[in-house]
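One-letter residues, chain by chain:
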Amino acid sequence: MGRLLLHPPGSPGPVTVELEPGERLMDALDTAPAPGVPFGCRAGTCGTCRVAVLEGADGLVPPDAAELALLSILVGEQLRLACLCRARR
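Summarised in this report is the structure supplied together with it. Every value quoted in this text rests on a predicted model; they were computed, and no experiment measured them.

### Digging into the nonpolar core
1) Next: Among the nonpolar cores identified, the biggest contains 24 residues, and Leu4, Leu6, Val17, Leu19, Leu25 and Leu29 are the most heavily contacted of them.
2) Next: At the level of elements, β1 (2-7), β2 (15-19), α1 (25-31), β3 (50-55), α2 (65-71) and β4 (79-81) are the ones that each hand at least two residues to this core.
3) Next: Considering each element in turn, this core owes the most residues, 4 residues, to α1.
4) Next: Dropping the residues within four chain positions of it, Leu6 is found in contact with Gly13, Pro14, Val15, Val17, Leu25, Leu29, Val51, Ala52, Val53 and Leu54.

### Overview of the environment of Leu81
1) Next: Positionally, Leu81 belongs in strand β4.
2) Next: Judged by its relative accessible area of 0%, Leu81 falls in the buried class.
3) Next: Those residues in contact with Leu81 that sit more than four places away from it in its chain are Gly44, Gly47, Cys49, Arg50, Glu67, Leu70, Leu71 and Leu74.

### Overview of the sheet that holds β2
1) Next: The strand order β2-β1-β3-β4 describes an open sheet built from 4 strands, whose pairing is antiparallel. Bordering the open sheet on either side are β2 and β4, each of which pairs with just one other strand. Strand-to-strand twist across the sheet, computed as the mean angle between neighbouring axes with direction ignored, equals 50 degrees.
2) Next: Here β1 runs beside β2; their pairing, made up of 5 bridges, is antiparallel. Each bridged residue has a counterpart across the sheet, and for Leu6 the counterpart in β2 is Val15.

### Remarks on the pattern of salt bridges
1) Next: Enumeration according to the criterion identifies 3 salt bridges in this entry.
2) Next: For Asp27, the salt bridge identified is with Arg24, shortest N-O distance 3.1 Å.
3) Next: Here Arg80 and Glu67 are joined by a salt bridge, their closest N and O atoms 2.7 Å apart. With Arg80 in strand β4 and Glu67 in helix α2, this pair connects stretches of sequence that are 13 residues apart.

About the criteria used
All chains use their own residue numbering, which begins from 1 and follows the written sequence. Reporting of local features is limited, given that this is a predicted model, to residues whose pLDDT is at least 70; pairs of side-chain atoms are given and counted only at 80 or more, and all residues count toward the totals for whole chains, interfaces and linings. By convention in this description, side-chain values take in all heavy atoms of the structure and omit both hydrogens and water. Residues enter a nonpolar core if they are buried and are Ala, Val, Leu, Ile, Met, Phe, Trp, Tyr or Cys, with the set joined through side-chain atoms within 4.5 Å. Note on classification: 1.4 Å probe, protein chains only; a residue is buried when its accessible area is under 20% of the maximum for its type, exposed when over 50%, partly exposed between these limits. Secondary structure follows DSSP: runs of H or I at least 4 residues long count as helices, runs of E at least 2 residues long count as strands, and numbering of each begins at the N terminus. Pairs of residues are marked as contacts when any of their non-hydrogen atoms sit within 4.5 Å. Here, any two strands with at least 2 DSSP bridges between them count as paired. Between N-to-C directions, angles cover 0 to 180 degrees, with each direction set by a line fitted to C-alpha atoms, over the stretch in contact for helices. The term salt bridge refers to a pairing of a side-chain nitrogen on Lys or Arg with a carboxyl oxygen on Asp or Glu at a separation within 4 Å.

Below, the structure written as structure tokens:
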């Protein structure tokens, strides 16, 4: 199980989330105490679910072309889309 420290937009502070191998970050956030994490399309087309990964990014599968394309137009460092990123095995 991997552990991430995130700062979702709209959240009052960082949130720690634990992920099972292969689990999507969005699914873990659905059950985590992470108030203010917005989700729109849940398919990687809107960018609403972007989060800043403060620690543990090496435990995530690198972004694919679709995620990189959307992240390239969003402002911020260490951003990932919760609906597209998964934990490594």
